[in-house]
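# Topology and contacts: notes
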Amino acid sequence: MSEDMDLEARQREDYVVEELPEPAGKNRIVASIYLDNQATTPTDPRVTEAMLPYFTEKFGNPHSADHGYGWDAEDAVEQARAQVAALIGAEPREIIFTSGATEANNLAIKGAARFHMERKPHVVTCTTEHKCVLESVRRLEREGHRVTFVPVLPDGLIDLAALKRAVNEETSVVSVMAANNEIGVLQPLEEIGAICREKGAYFHSDAAQAIGKIPIDVRETPIDLLSISAHKAYGPMGIGALFVRRRPRVRLEAEIDGGGQERGLRSGTLPAPLCVGFGEAARIAREEMEEEVKRVGALTKRLYRGLSAALTGVHLNGHPTQRLSGNLNLSFAGVDAAALLRAVPKLCLSTGSACTSASVEPSYVLQALGVDADLARGSLRFGVGRFNSEAEIDASITMLVAAVSKIRAENQG
Ligand SMILES: *Cc1c(COP(=O)(O)O)cnc(C)c1O
């Protein structure tokens, strides 16, 4: 642990940009290139703008029913709920606001499993899920539920034959993510949903990475529960939502008890400014997704082509086409990813997921794909997003090619 902290401290020092005369620790991020849009996205200025009045003159509690401050805040929250619902083809009353995708995943999985524990004591998920899904399932296991972790194929897609064998009449909920946060792989939601419907199990999907990047429509896809997060889609941190289907009705046990807000499923005062920001982010995503996916996809291709044209031993982890348009997970043969990151201090990238980037273990996601341990240690996650430019991509290629070549030369000498 202390070794990890030392490493982290050293890495932080490396991030101080040399040319700046300012005291260390202040303008660390000036002149850096942000390519970590799977960890979080910058807040869109239109989102920030929409939120501001709800911190100042429109500060009311959206649950205050006796005066205009409350009514204004409530109207704004309900407009936001409609905007979030529209992004996924849901009805507004099917949207339960939460503090983020972590809470939404906890509510969906534990809530469904605990509600149906007696008749359906079995839960199914996949080995490459986000930690908050895996840990929710492990807690259920300690409470006496049976759990099955379905493996993935070497390209990162879930093994559908194994899933089919795993799900049965005793399964309460199957949780499989829409898009993976490390390798960007998109899971076949239609097929998974069909397997769940056949066996009478709820299908929950963690769509934190998918929202605003691939079209998801719950009217067409048999998803019963869907988790989303604002800060992965240019909205504010600290808010997300769970879609809970009404027809056929999905029954959950609440995690947080209190005043009975959010249809009794999530008590607590709604953060009106964050709801408004989430709504605006959802509006922008719905209107601009198609064009943005093309633009971000072209930048990502440019990055991949540039790196693989100049370097040998560049491996793309995960399915080559069934993936988020802005994600690349690359291994550089013979190169340790942590050393590579230290050699490109102006690039903001990560070696894996943000939650585990302090650890030196190879990623459990890459291990689940069967990626060789040495290559897994050499893997970097690139997340290209809305605010990246072609010039940033070209500068990144130049820096990475120089750093990889230098590290490889040193290893040989
Ligand atoms: C970021 C992320 C989460 C957690 O979302 P928060 O809103 O930060 O709690 C869950 N699942 C996936 C796939 C993610 O990328």
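Residues numbered from 1 in each chain as written. Predicted model: local features only at pLDDT ≥ 70, side-chain atom pairs only at ≥ 80, totals over all residues. Heavy atoms only, no water.

## A few points about helix 8 (residues 272-310)
- Compared with an ideal rise of 1.5 Å per residue, which puts 39 residues at 57 Å, helix 8 spans 49 Å between its outermost C-alpha atoms and falls more than 12% short.
- The largest bend along helix 8 measures about 70° and falls at E288. (Helix = DSSP H or I, 4+ residues; strand = E, 2+ residues; numbered from the N terminus. Expected span 1.5 Å × (residues − 1). Bend = angle between axes of the 7 residues up to and from the residue.)

## Description of the pattern of salt bridges
- A complete count under the given rule lists 24 salt bridges for this structure.
- The salt bridge partner of D217 is R219, with a shortest N-O separation of 3.1 Å.
- The salt bridge involving D374 is made with R377; its shortest N-O contact spans 3.6 Å. Of the two residues, D374 and R377 both sit in helix 11 (residues 373-377), three residues apart, roughly one turn of that helix. (Salt bridge = Lys/Arg side-chain N within 4 Å of Asp/Glu carboxyl O.)

## Observations concerning the pairing of strand 7 (residues 225-229)
- The element strand 7 is extensively covered by neighbouring structure, given that five of its five residues are classed as buried.
- Both faces of strand 7 are covered, namely the face carrying L225, S227 and S229 and the face carrying L226 and I228.
- Relative to strand 8 (residues 240-244), strand 7 runs antiparallel, the two sharing five bridges. Residue pairing for strand 8: L225 is matched across the bridge by V244. (Buried < 20%, exposed > 50% of the residue type's maximum accessible area, 1.4 Å probe, protein only. Pairing = 2+ DSSP bridges.)

## So, the packing of aromatic side chains
- If you walk through the whole model with that rule in mind, you get three aromatic pairs.
- Aromatic pair Y234 and F387: ring centres 5.8 Å apart, planes at 80°, arrangement edge-to-face. Here Y234, found in the loop between strand 7 and strand 8, pairs with F387, found in the loop between strand 12 (379-383) and helix 12 (390-412); they are 153 residues apart in sequence, far enough to count as distant.
- According to the relative accessible area criterion, F387 is partly exposed, its value standing at 41%.
- Over the ring of Y234 we find R386; its NZ or CZ atom is 4.0 Å from the centre of that ring. (Phe/Tyr/Trp six-rings, centres within 6.5 Å; stacked < 30°, edge-to-face > 60°. Lys NZ or Arg CZ within 6 Å of the ring centre and 35° of its normal.)

## Structural notes on the sheet that holds strand 9 (residues 314-316)
- Taken in spatial order, the three strands make up an open sheet running 9-10-12, and their pairing is antiparallel. The open sheet terminates on both sides in strands that have one partner only, identified here as strand 9 and strand 12. Sheet twist, expressed as the average angle between the axes of neighbouring strands with direction ignored, equals 30°.
- Across three bridges, strand 9 lies against strand 10 (residues 327-332) in antiparallel orientation. When the sheet's bridge partners are listed, H315 is paired in strand 10 with S331.
- The strands that helix 8 touches are strand 9, strand 10 and strand 12; relative to strand 10, the one it contacts most, it runs at about 10°. (Axes fitted to C-alpha atoms, helices over the stretch in contact; angles between N-to-C directions. Contact = heavy atoms within 4.5 Å.)

## Comments concerning the site of the ligand
- Around the ligand, the structure places 14 residues, and the nearest of them are T102, D206, Q209, S229 and K232.
- The separation between an oxygen atom of the ligand and a polar side-chain atom of T102 is 2.6 Å.
- The side chain of S229 places a nitrogen or oxygen atom 2.6 Å from an oxygen atom of the ligand.
- Starting from 380 Å² of accessible surface for the ligand in isolation, the protein chains cover 87%.
- It is helix 4 (residues 101-115) that provides the largest number of residues to the shell around the ligand, a total of three residues.
- Per-class residue counts for the shell around the ligand are four nonpolar, eight polar and two charged. (Near = heavy atom within 4 Å. Polar contact = N/O pair within 3.5 Å; in protein donor to acceptor, adjacent residues only side chain to side chain. Areas by Shrake-Rupley, 256 points an atom, 1.4 Å probe, with all protein chains shown as cover. Nonpolar A, V, L, I, M, F, W, Y, C, P; charged D, E, K, R; others polar.)

## Examining the sheet that holds strand 8
- Taken together, seven strands build an open sheet; the order of strands is 2-8-7-6-5-3-4 and the sheet is mixed. Edge positions in the open sheet fall to strand 2 (95-98) and strand 4 (146-150), since each of these has one partner strand only. Ignoring strand direction, the axes of neighbouring strands in this sheet form an average angle of 20°.
- Relative to strand 5 (residues 171-175), strand 3 (residues 122-126) is paired through four bridges, and the arrangement is parallel. When the bridges of strand 5 are listed, V123 appears paired with V173.

## Section: the environment of A337
- Mapped onto the fold, A337 is located in helix 9 (residues 337-343).
- Not counting residues within four places of it along the chain, the set of residues in contact with A337 comprises T351, R377, G378, S379 and L380.

## Details of the domain arrangement of the protein
- Domain boundaries in the protein define domain 1 (3-44 + 289-412) and domain 2 (45-284).
- Centre-to-centre separation of domain 1 and domain 2, based on C-alpha positions: 28 Å.
- Contact residues are listed per partner, giving 32 residues for domain 1 and 39 residues for domain 2.
- Seen at the junction of domain 1 and domain 2, the total is one salt bridge.
- With a shortest N-O distance of 3.1 Å, D44 and R46 are connected by a salt bridge. (Domains from an automatic or database assignment.)

## A word on the environment of M177
- With respect to the helices, strands and loops of the structure, M177 is situated in the loop between strand 5 and helix 7 (189-199).
- Exposure remark for M177: the relative accessible area of 2% places this residue in the buried category.
- As a C-alpha pair, M177 and H130 span 47 residues in sequence and 8.1 Å in three-dimensional space.
- Those residues in contact with M177, other than ones at most four positions away along the chain, are T128, E129, H130, Q187, L189, S205 and D206.

## Some points on the state of the cysteines
- Counted by the stated rule, this structure contains zero disulfides.
- Left without a disulfide partner, C275 is nearest to the cysteine sulfur of C132, which lies 20 Å away. (Disulfide = S-S within 2.5 Å.)

## A short note on the confidence of the model for the protein
- Taken as a whole, the protein shows an average pLDDT of 92; of its residues, 91% reach a score of 70 or greater.
- Between residues 1-5, whose pLDDT stays under 50, and residues either more than four places distant or in other chains, the model counts three contacts.
- Taken as a whole, residues 7-23 scores under 50 in pLDDT and shows 20 contacts with residues more than four places along the chain or in a different chain. (pLDDT = per-residue confidence, 0-100.)

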